[in-house]
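So you can see what is in the structure, the chains are spelled out below.
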Amino acid sequence: MRPDEKIKKLIADLKTAPSAGLDAKVNQAIDNALAERTRIESAYGPSIGRIIMRSPIMKLAAAAVIIIAVLAGIYYFAGEGAQKCCAWTQIADKVAQIKTCVCSMHIQQSGGPVGQKGQQIDSKMYISSDYGSRIETYLDGNVMQKIYVPADSNAMILVMPSEKKYMRMAMTDETRARAKNQMQDPRDALTRFMTGPLKELGKDVINGVEVKGIEVVNPPAVKGVYNNFIGRTWVDVATEYPVRIEMDIESGTGTDTIKMLMVMDNFEWGVELEPAIFEPNIPSDYKIMAEMKLPAQDEASAIEGLRLFAEMADGHYPSQMNVMTLTRESAEAYGKKLGAAITKPTDEQMQQMTAKMMKVQAPVLFYTKLGRDGNDPAYYGKDVTAGDANAVLMRWKISEGKYRVIFGDLTAEDVNTEQLKEMEQPVNR
């Protein structure tokens, strides 16, 4: 019987009148049960559920990694094969000329890491071509995070008011360029959706406004990134400005499957915005939680992230190449290394863990880029470990008939199609 069940049974069976002896007996039984639970957790490491749910700052750190990954481009796509639908192209061009926008964003998630299941996260976004971006994220009506990306800076600032802490993240030139043009910017959504084939949705009414819509389902640019992707955009028939943008996404497999509906609405186009809105202005009593650099989306960073993960996970690699699985499994592995101390981490431990959780995202950043660029990536981390030196851990196409392969020992080489076919045989255990 589990320690928690022993406690419940003991309390349920109490039918004796209160006494000092009984109090001592009950207290001793509770102490024994709690000691047993502590022994079990010390031996096997706390679960990700206990790591996150016992520590609000840990929950924020996990959410921060996920949101930063979103901002880095995990849940957005771009690529070749744009469908030139004349009327919609003109609308996209018109929207792209607007210098400012304010809107709401709602993310409804099911599945994914413990502590993140079934949440709805609401945000308000301020976007300016001249000054940058600011995103305020709310959970249960309270400000959870404020994210600032000034136009004249290569740093992203994430502020957590409830904890009086903040993080500073340096971005690569590539990520900064994408962030400037694509980072959750509704002005670019129509262009991103032009990776057809498009489906006309006809007319409808949203909040009293007559709208017309388009839909794109699993465009080529998301191949290898998501299980399923549906994007919809509804524009005002009269003004031809977007009224609602939807992204319905599914990724992962089995217990790690995550479904996410991302909706942007309540648009204010061309509204006047003051420069001060985009300045972080961090209070003097706030402490820095972490100073990090967003990993580059390249092979070297991906290999380093895989190596770091394997060191934490005793030679195992992430079971799936998606941000939710990586976040859960890396936090779980790191939690086992730290033991019970993770439930109340020091500032130094917090910085170390957040930095590591970000570094191990490098493989999924690179993998997503490969899928977005049409390089037909594949990943076999569920079956391949660091001990499988010659097994294919990850591969992608580099040219016609040529592939790049990362093996279980994290060496890499170019192979042809026939060689790859031989190498991609299942690993025998």
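Predicted model only: the values in this text are computed from it and were never measured.

Trainee: Could you give an account of the overall build of the chain, naming the residues involved and the relevant values?
Mentor: When you go through the chain residue by residue, the secondary structure sums to 12 helices and 16 strands. The proportion of buried residues among the 429 residues of the chain is 51%. Contacts in the chain between residues at least 24 apart in sequence constitute 58% of all its contacts with a sequence separation of at least 6.

Trainee: Before we move on, can you summarise unusual backbone geometry with the specific residues and values?
Mentor: In this structure, asparagine 281 is a non-glycine residue whose phi angle is positive, near 45 degrees. Checked against the element boundaries, asparagine 281 lands in the loop between β11 (258-269) and β12 (287-293). Judged by its relative accessible area of 59%, asparagine 281 is exposed. Although it is not a glycine, leucine 410 sits at a positive phi angle of roughly 70 degrees. Take leucine 410: it is sitting in the loop between β15 (402-407) and β16 (412-416). Overall, leucine 410 belongs to the buried group, its relative accessible area being 9%.

Trainee: I'd like to hear about helix α11 (residues 362-372), residue by residue, with values.
Mentor: Counting along an α-helix, one turn takes 3.6 residues, and residues three or four places apart therefore face a common direction. Extensive coverage of α11 is indicated by the burial of 11 of its 11 residues. Glycine 374 lies just past α11 and shows a positive phi near 80 degrees.

Trainee: Account for the packing of helix α8 (residues 299-312) against α11, with residues named and values stated.
Mentor: Put simply, α8 and α11 touch, their axes get as near as 7 Å, and they point 140 degrees apart. Comparing the axis directions of α8 and α11 gives the class oblique. Between α8 and α11 lies a crossing of left-handed hand. Contacts from Glu299, Ser301, Ala302, Gly305 and Leu306 of α8 reach α11 at Ala362, Pro363 and Phe366. Here the contact of α8 with α11 is composed, by residue class, of 5 nonpolar, 2 polar and 1 charged.

Trainee: Summarise the pairing of strand β10 (residues 242-251); cite the residues concerned and give the values.
Mentor: A regular strand carries its side chains on alternate faces of the sheet. For β10, a buried count of 7 out of 10 residues is recorded, marking the element as mostly surrounded by other parts of the structure. Taken together, the 8 bridges between strand β9 (residues 228-236) and β10 define a ladder with antiparallel strand orientation. Bridge pairing in β10 places threonine 233 opposite isoleucine 245. What sits between the antiparallel neighbours β9 and β10 is a turn of 5 residues, in which glutamate 240 has the positive phi angle 65 degrees. Relative to β11, β10 is paired through 7 bridges, and the arrangement is antiparallel. If you follow isoleucine 245 over to β11, its bridge partner there is methionine 264.

Trainee: Go over the environment of isoleucine 249, please, and point to the residues and values.
Mentor: With respect to the helices and strands, the residue isoleucine 249 is situated in strand β10. You can call isoleucine 249 buried: its relative accessible area is 3%. Placed 13 residues apart in sequence, isoleucine 249 and methionine 262 show a C-alpha to C-alpha distance of 8.1 Å.

Trainee: So, the side chain of aspartate 265: which residues are in play, and what are the values?
Mentor: As for its placement among the helices and strands, aspartate 265 is situated in strand β11. One buried charged side chain, aspartate 265, makes no salt bridge at all; its nearest oppositely charged neighbour is arginine 244, positioned 4.2 Å away. One polar contact links aspartate 265 to asparagine 266, side chain to side chain, over a distance of 3.3 Å. Excluding residues that lie within four positions of it along the chain, aspartate 265 makes contacts with Cys103, Ser104, His106, Val243 and Arg244.

Trainee: Outline the packing of aromatic side chains, listing residues and values.
Mentor: Enumeration over the complete set of coordinates arrives at 4 aromatic pairs. Counting every residue linked through ring pairs, the aromatic cluster contains Tyr241, Phe267 and Trp269. Looking at lysine 94, its charged tip hangs above the ring of tyrosine 241, at a distance of 4.7 Å from the centre.

Trainee: Lay out α8 in plain terms, naming residues and giving numbers.
Mentor: Between its terminal C-alpha atoms α8 stretches 20 Å, which fits the 20 Å expected from 14 residues at 1.5 Å a residue. In the segment just after α8, aspartate 314 is the residue with positive phi, at about 55 degrees.

Trainee: I'd like a rundown of the pattern of salt bridges, residues and numbers included.
Mentor: Within the structure shown, the criterion is met by 13 salt bridges. For glutamate 210, the salt bridge goes to lysine 203, with nearest N and O atoms at 4.0 Å. Look at lysine 203 and you get exposed, because its relative accessible area is 59%. The residue aspartate 414 makes a salt bridge to arginine 404 at a minimum N-O spacing of 3.0 Å. With a gap of 10 residues between them, aspartate 414 in strand β16 and arginine 404 in strand β15 connect regions that are remote in the sequence. With relative accessibility at 46%, the residue aspartate 414 sits in the partly exposed group.

Trainee: Could you give an account of the nonpolar core, naming the residues involved and the relevant values?
Mentor: Of all hydrophobic cores here, the largest spans 38 residues; its most connected members are Met125, Met167 and Phe267. The next biggest cluster of nonpolar side chains, apart from the first, holds 30 residues, and it includes Phe309, Ala313, Met357 and Ala391.

Trainee: For the confidence of the model for the chain, give the residues involved together with the corresponding values.
Mentor: On average, residues of the chain score 74 in pLDDT, and 66% of them reach the 70 mark or higher. Within the model, pLDDT remains below 50 along residues 10-20, and this stretch shows 6 contacts once partners closer than five positions in the same chain are excluded. In the model, residues 33-54 has pLDDT below 50 throughout and makes 38 contacts with residues more than four positions away in sequence or in other chains.

Trainee: Now, about the environment of alanine 302: what can you tell me, with residues and values included?
Mentor: Structurally, the position occupied by alanine 302 is in helix α8. Take alanine 302: its relative accessible area is 0%, and that puts it in the buried class. It is 8.1 Å that separates the C-alpha atoms of alanine 302 and glutamine 361, two residues lying 59 residues apart in sequence. The residues contacting alanine 302, other than those within four sequence positions of it, are Ala362, Pro363 and Phe366.

Reading the values: the criteria
- Here the residue index of a chain counts from 1 through its sequence in written order.
- Where local features are concerned, this predicted model is filtered to residues with pLDDT of at least 70; where side-chain atom pairs are given and counted, the filter is 80 or more; whole-chain, interface and lining totals use all residues.
- Values shown for side chains rest on all heavy atoms present in the structure; no hydrogens or waters enter the calculation.
- Strands are runs of DSSP state E lasting at least two residues, helices are runs of H or I lasting at least four, and both sets are numbered from the N terminus onward.
- Under the scheme applied here, a residue whose accessible area is under 20% of the maximum for its type counts as buried, over 50% as exposed, and between as partly exposed, the area being computed with a 1.4 Å probe on protein chains only.
- The contact criterion used is simple: two residues touch if any of their non-hydrogen atoms lie within 4.5 Å.
- Lines fitted to the C-alpha atoms define the axes, with helices restricted to the stretch that makes contact. Angles between their N-to-C directions range from 0 to 180 degrees.
- An angle below 35 degrees is treated as roughly parallel, one above 145 as roughly antiparallel, one from 65 to 115 as roughly perpendicular, and anything else as oblique.
- By convention the crossing between two helices is left-handed if the near helix lies anticlockwise of the far one by an angle smaller than a right angle, and right-handed if it lies clockwise.
- By the convention adopted, Pro, Cys, Tyr, Trp, Phe, Met, Ile, Leu, Val and Ala count as nonpolar, Lys, Arg, Asp and Glu as charged, and the other residues, Gly among them, as polar.
- Here, strands pair whenever DSSP counts at least two bridges between them.
- Neither His nor the chain termini are counted; the positive set is Lys and Arg, and the negative set is Asp and Glu.
- Definition used for salt bridges: Asp or Glu carboxyl oxygen within 4 Å of a side-chain nitrogen of Lys or Arg.
- Think of a polar contact as two N or O atoms within 3.5 Å of one another; within protein, one of them needs to be a possible hydrogen donor and the other a possible acceptor, and neighboring residues in sequence only count if both atoms come from side chains.
- Two aromatic rings, drawn from Phe, Tyr or Trp (for Trp, its six-membered ring), form a pair once their centres lie within 6.5 Å of each other, and the interplanar angle then sorts them: stacked below 30 degrees, edge-to-face above 60, tilted otherwise.
- Two conditions define a charge sitting above a ring: the NZ of Lys or the CZ of Arg must be within 6 Å of the ring centre, and it must be within 35 degrees of the ring normal.
- By definition here, a helix of n residues has an expected span of 1.5 Å times n minus one.
- We define a nonpolar core as any set of buried Ala, Val, Leu, Ile, Met, Phe, Trp, Tyr and Cys residues linked to one another through side-chain atoms lying within 4.5 Å.
- What pLDDT reports is the predictor's confidence in each residue, on a scale of 0 through 100.

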